[in-house]
Protein chains: 2
Amino acid sequence: MSVHDDSAGSQRGYIIPIGGAEERDGDPSILKRFVEICGGERAHIAIIPTASRMRDTGARYQRTFEGLGVKRATVLPYEQRRDCRREDWLETLEAADGVFLTGGNQLRLSTTLGGTVVARALRRRNREGQHIAGTSAGAAIMSEHMIAFGDEGSTPRANSVTLAPGLGLTERLIVDQHFRQRDRLGRLLTALAYNPKAIGVGLDEDTAAFFGGNVIEAHGSGALTIVDPEDVEYTSMDSSHRDDPVCIVGLRVHVLTEGATFDVVSRIARPPQPATTGR
Amino acid sequence: MSVHDDSAGSQRGYIIPIGGAEERDGDPSILKRFVEICGGERAHIAIIPTASRMRDTGARYQRTFEGLGVKRATVLPYEQRRDCRREDWLETLEAADGVFLTGGNQLRLSTTLGGTVVARALRRRNREGQHIAGTSAGAAIMSEHMIAFGDEGSTPRANSVTLAPGLGLTERLIVDQHFRQRDRLGRLLTALAYNPKAIGVGLDEDTAAFFGGNVIEAHGSGALTIVDPEDVEYTSMDSSHRDDPVCIVGLRVHVLTEGATFDVVSRIARPPQPATTGR
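This text gives an overview of the structure that appears in the document. These figures come from a predicted structure and were not determined experimentally. (Residues numbered from 1 in each chain as written. Chains lettered and ligands numbered in written order. Predicted model: local features only at pLDDT ≥ 70, side-chain atom pairs only at ≥ 80, totals over all residues. Heavy atoms only, no water.)

Here we look at empty space enclosed by the protein
Residues and elements named next belong to chain B.
- According to the stated counting rule, one finds one cavity of 30 Å³ or more in the structure shown.
- Approximately 30 Å³ is the volume attributed to the largest cavity.
- The set of elements that each furnish at least two residues to the lining of the largest cavity consists of β1 (15-18) and β8 (173-176).
- Classifying every residue of the lining of the largest cavity by side-chain character gives five nonpolar, two polar and no charged. (1 Å grid on protein atoms, 1.4 Å probe; cavity = no way out; pocket = protein on both sides within 12 Å on 5 of 7 lines; lining within 4 Å. Points joined across faces, edges and corners; volume = space filled by probe spheres on them. Helix = DSSP H or I, 4+ residues; strand = E, 2+ residues; numbered from the N terminus. Nonpolar A, V, L, I, M, F, W, Y, C, P; charged D, E, K, R; others polar.)

Digging into the interface of chain B and chain A
- Listed by partner, the interface residues are 45 residues for chain B and 45 residues for chain A.
- The largest contributions to the chain B side of the interface with chain A come from R81(B), Y194(B) and D238(B), which together make up 16% of the buried area.
- Linking chain B with chain A are nine salt bridges.
- Across the pair D238(B) and R53(A) runs a salt bridge whose closest N-O atoms are separated by 3.9 Å.
- One can count 23 residue pairs in polar contact (both at pLDDT 80 or more) joining chain B with chain A.
- Elements with a minimum of two residues in the side of chain B that touches chain A: α4 (106-113), α5 (117-128), β6 (145-150), β7 (161-165), α7 (185-194) and β13 (234-235) of chain B.
- Its residues placed into classes, the side of chain B that touches chain A shows 14 nonpolar, 15 polar and 16 charged. (Contact = heavy atoms within 4.5 Å. Buried area = accessible area lost by both parts, 1.4 Å probe. Salt bridge = Lys/Arg side-chain N within 4 Å of Asp/Glu carboxyl O. Polar contact = N/O pair within 3.5 Å; in protein donor to acceptor, adjacent residues only side chain to side chain.)

Considerations on the pattern of salt bridges
- Scanning the entire structure with this criterion turns up 37 salt bridges over all chains.
- Linking E230(A) and R252(A) is a salt bridge whose minimum nitrogen-to-oxygen distance equals 3.7 Å. Remark: R252(A) occurs in strand β15 (residues 252-256) and E230(A) occurs in the loop between β12 (224-228) and β13 (234-235); sequence separation between them is 22 residues.
- Overall, E230(A) belongs to the buried group, its relative accessible area being 17%.
- Classification of R252(A) as partly exposed rests on a relative accessible area of 28%.
- We note a salt bridge from R180(B) to D204(B), for which the minimum N-O separation is 3.2 Å. Taken together, the residues span a long stretch of sequence, with R180(B) in the loop between β8 and α7 and D204(B) in the loop between β9 (199-203) and β10 (207-212) at a distance of 24 residues.
- Each of D228(A), E230(A), D231(A), R252(A) and R267(A) takes part in salt bridges that share partners, so that together they form one network. (Buried < 20%, exposed > 50% of the residue type's maximum accessible area, 1.4 Å probe, protein only.)

Shown next, in the form of structure tokens:
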């Protein structure tokens, strides 16, 4: 229906928000698929551990990606805004086939990278074909409108969510993570009630939304909750007081599991396709 | 420096946020200039009074614009989301040379127009050359990130501002209005501290930012405060608790009065040029 400015054509790289706590040992199926998309054994992955306060987060992902057989996995430990001017890191970032943003605090990402040449490079390179995955905080930062923090509970309440500008890889989505585990439907609905223009994507842990072209595909052990406000007839957000429940009429919701898809342009959801077998 | 996706070329219409309480009788210099840009006596202005709860807001602006000699001023009183599907109003909106968004509550605008064909038409028509002015709430709604509400005071404090998605005519600016009158520097700085990527524009009452091409020009009886976070070295927003003051290092601030300009690409501010006189 609407064709946003950020509609990108087939050339844009995948945007892959992950709900946090993705499997990294046993069967790391989300990270494996990310690696495949990036070129498998030819892939060069850049890891940005900025969201995390733990020193070894980057190195741990480096080992995971190396274990998955990539050609190279490089940690770019941006800690200060001035780090964003390091030419050598920028070259590595530009050359990578895929970029992985770790979990932690999304405000560490937005305050450290926001408005810098690194943020601009990520936007541009993604438009040109670089794939960008992020887990938890790394998922939240991807869209133009980022949920910075908020309250738990499944009823939307005025003021239960704080939005902040994110990386802006897409304007189409607002992403929330640890979705079922932390009971976050209410805050996602609140975010949409302010302005029913983006599509809400709630990601369970160990679950990813592979967003390529116009299609989002669910992957992982949990579910992906799509909240489509296109036909919303009414929200009471403009007249709600702090902590009031917010009235919203006309949402469409889809809960997608492994292999199910949602087209952000046609707004059509499809269940998983049965595997095609020989006759 | 950065060239955003929303850079538009010379063809884009003006975006004209006004700080509220603009002069409408005596010398309505801001509205007069808006009318001139729209074609003067040939201009057709569409008025959207959605933000206001007062019945006569649209009609009052209609009389003001008629008094300024426009060819036609039409009120489009969108009240419900379903109104956005009215074909006749949409045709009027599409055909207008300029659109004026009145004051009131910006969440009335975002909840009523957000995600509808009206919002998309405004974005598209502005890119094609339609000029869009808005006062107070009508100014707040224009950018991609809108200040929905917040606290007063000049120190930025964590959680002192609530952002919501706006119309998205530009991603480059975050606008706040009634700026000096309501002591809103703190909340504007808070909004920038989340992610120092947009440029903050604080508008005093009876003061407008005429934003055409890459240049913002101040017009009116007050000042326009530009807060440029491009060189911000540090913000503590990621580690601040609710109501904590937020540390921000490296902001550049310009206070522009009538005729002074700021280029959003080169980030250069220029004082008012002396009128060129014959020798």
